[in-house]
Amino acid sequence: MKVLKTLVLIGTIFCLFSLVSCSEDNETAPTRAELLAGVTEDGRSYFISSAEIDLIDLDGTLVLDECVTDNTIIYYPDGRYDENEGRTKCDAEDAPGSTGTWRFSVDEEEVIISINNETQVWTIESINDRSHRITRPTNDGELTFVLERFL
């Protein structure tokens, strides 16, 4: 009888352990929208950590001035998009910031940003919970930004 009680106890512990293990496996991966904008009304803030340009006549990495790298870009879950000047402005006449909208293309491979009466379509090359890499064509080639989250 003592052996039976011990086996039942071990079996019960094993079953409980299995249930707890399985419940962790059922967590769903975040959607692209959650990766980009988060899930709270505060959205997610980014800065441009690097930029690359691939032009017909010139290839290379752009050296970004502080007036660009100190800017803040915020995606909100409700589709709002903010670009805010940092403490250093590239042009003294620059507004302190602009508000627009963002959305994904149907296949979620592109992010479409509408701001200041302009619409930009960026291809998402990579995205995770800390950064994203986006590319868009220009008149002379292609521009790539890596945006990293402020943590």
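Residues numbered from 1 in each chain as written. Predicted model: local features only at pLDDT ≥ 70, side-chain atom pairs only at ≥ 80, totals over all residues. Heavy atoms only, no water.

(A) Highlighting the state of the cysteines. What the rule picks out here adds up to one disulfide. Across a sulfur-sulfur distance of 1.8 Å, Cys-67 and Cys-90 are joined as a disulfide pair. Looking down the S-S bond of the Cys-67 and Cys-90 bridge, the torsion is 90 degrees, so its handedness is right-handed. Taken as a pair, Cys-67 in helix α3 (residues 66-69) and Cys-90 in the loop between β4 (80-84) and β5 (97-104) lie far apart in primary sequence, 23 residues in all. Accessibility expressed as a relative area gives 9% for Cys-67, which makes it buried. (Disulfide = S-S within 2.5 Å. Helix = DSSP H or I, 4+ residues; strand = E, 2+ residues; numbered from the N terminus. Buried < 20%, exposed > 50% of the residue type's maximum accessible area, 1.4 Å probe, protein only.)

(B) Quick peek at the nonpolar core. Leu-36, Tyr-75, Trp-102, Val-111, Ile-113, Ile-134 and Phe-145 are the most contacted members of the largest nonpolar core, which has 21 residues in total. Looking at this core, the elements that each hand over two or more residues are α2 (32-37), β1 (44-55), β3 (72-75), β5, β6 (110-115), β7 (118-127) and β9 (141-149). (Core = buried A, V, L, I, M, F, W, Y, C linked by side-chain atoms within 4.5 Å.)

(C) Highlighting the layout of surface pockets. Estimated volume of the largest pocket: approximately 440 Å³. Within the residue set of the lining of the largest pocket, elements represented by two or more residues are β3, β4, β5, β6, β7, β8 (131-137) and β9. (1 Å grid on protein atoms, 1.4 Å probe; cavity = no way out; pocket = protein on both sides within 12 Å on 5 of 7 lines; lining within 4 Å. Points joined across faces, edges and corners; volume = space filled by probe spheres on them.)

(D) Broad picture of the pairing of β9. Bridge count between β1 and β9: nine bridges; the pairing is antiparallel. Residue pairing across strands places Ala-51 opposite Phe-145, the latter belonging to β9. Of the pairings in the sheet, the one linking β8 to β9 comprises seven bridges and is antiparallel in character. Bridging from a neighbouring strand, Arg-136 pairs with Leu-143 of β9. (Pairing = 2+ DSSP bridges.)

(E) Structural view of the side chain of Thr-135. Residue position: Thr-135 is located in strand β8. Its relative accessible area of 3% is what places Thr-135 among the buried residues. Within the local environment of Thr-135, its side chain forms a polar contact with the side chain of Glu-125, the two groups lying 2.5 Å apart. Leaving out residues up to four positions away in the same chain, Thr-135 has contacts with Val-121, Trp-122, Thr-123, Glu-125, Glu-142, Leu-143 and Thr-144. (Polar contact = N/O pair within 3.5 Å; in protein donor to acceptor, adjacent residues only side chain to side chain. Contact = heavy atoms within 4.5 Å.)

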